[in-house]
Amino acid sequence: MTTVQIILTILAAAAATVLTRALPFFAFPADRPAPRYIRYLGDAHPGAVFGLLVVYCLRNVDLFAGAHGIPETLGILVAGGLYLWRRNMLLAIFASTALYMVLVNLVFV
């Protein structure tokens, strides 16, 4: 790429980033209440993302080889239990990820 192409690419990426960050503030100003469907998305989104993470993490688990899915199962149980106990999704994700990494790297080597 030439220098001009690199500069234009950086400017296009920067403009797209600024636009996507600023657009919600223009579409939903603070002086007006957000539409009902936007509030619904705000309520449903965290659970949907958590479910998507579970499916993504389990996509390549082979129950008939290696650790037979034990680290994954324990990670899911810890994540679910911590979330139900503390109602803190970030804590649940970090703790279950840490447990999974310890199990995979130190226990089920």
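Residues numbered from 1 in each chain as written. Predicted model: local features only at pLDDT ≥ 70, side-chain atom pairs only at ≥ 80, totals over all residues. Heavy atoms only, no water.

Trainee: Even after reading the chapter, I still don't get the layout of surface pockets, so can you show me in this structure?
Mentor: Over the atoms rolls a probe the size of a water molecule, and its path tells where empty space is left. For the largest pocket, the calculated volume is near 380 Å³. In terms of lining residues, the largest pocket is bounded by 16 residues, among which Leu53, Cys57, Gly75, Ser96 and Thr97 are the most central. Looking at the lining of the largest pocket, the elements that each hand over two or more residues are helix 2 (36-58), helix 3 (70-86) and helix 4 (89-107). Top contributing element to the lining of the largest pocket by residue count: helix 3, with 6 residues. Partitioned by chemical class, the residues of the lining of the largest pocket number 11 nonpolar, 4 polar and 1 charged. (1 Å grid on protein atoms, 1.4 Å probe; cavity = no way out; pocket = protein on both sides within 12 Å on 5 of 7 lines; lining within 4 Å. Points joined across faces, edges and corners; volume = space filled by probe spheres on them. Helix = DSSP H or I, 4+ residues; strand = E, 2+ residues; numbered from the N terminus. Nonpolar A, V, L, I, M, F, W, Y, C, P; charged D, E, K, R; others polar.)

Trainee: I would appreciate a short explanation of the packing of aromatic side chains in the present structure.
Mentor: Geometrically, a pair of aromatic rings is defined through the distance of the ring centres and the angle of the planes. Scanning the model with the defined rule gives 0 aromatic pairs in all. Over the aromatic face of Trp85 sits the side chain of Arg86, whose NZ or CZ is 5.1 Å from the ring centroid. (Phe/Tyr/Trp six-rings, centres within 6.5 Å; stacked < 30°, edge-to-face > 60°. Lys NZ or Arg CZ within 6 Å of the ring centre and 35° of its normal.)

Trainee: When you look at a nonpolar patch on the surface in this model, what are you seeing that I'm missing?
Mentor: A cluster of nonpolar side chains, contributed by Ile70, Leu74, Leu77, Val102, Leu106, Val107 and Phe108, occupies part of the molecular surface with about 630 Å² of accessible area. Mapped onto the nonpolar patch, the elements with two or more residues apiece are helix 3 and helix 4. Relative to the assigned elements, Leu74 resides in helix 3. (Patch = residues over 30% accessible without salt bridge, like charges linked within 9 Å, V, L, I, M, F, W, Y side chains within 5 Å. Areas by Shrake-Rupley, 256 points an atom, 1.4 Å probe, with all protein chains shown as cover. Salt bridge = Lys/Arg side-chain N within 4 Å of Asp/Glu carboxyl O.)

Trainee: Teacher, can you tell me more about helix 1 (residues 3-27) here?
Mentor: For the α-helix, the turn length of 3.6 residues means that residues three or four positions removed from each other point alike. The terminal C-alpha atoms of helix 1, which comprises 25 residues, lie 36 Å apart, in line with the 36 Å expected from a rise of 1.5 Å per residue. Where helix 1 bends most, the angle comes to about 30°, and this point is Arg21, followed within four residues by the proline Pro24. (Expected span 1.5 Å × (residues − 1). Bend = angle between axes of the 7 residues up to and from the residue.)

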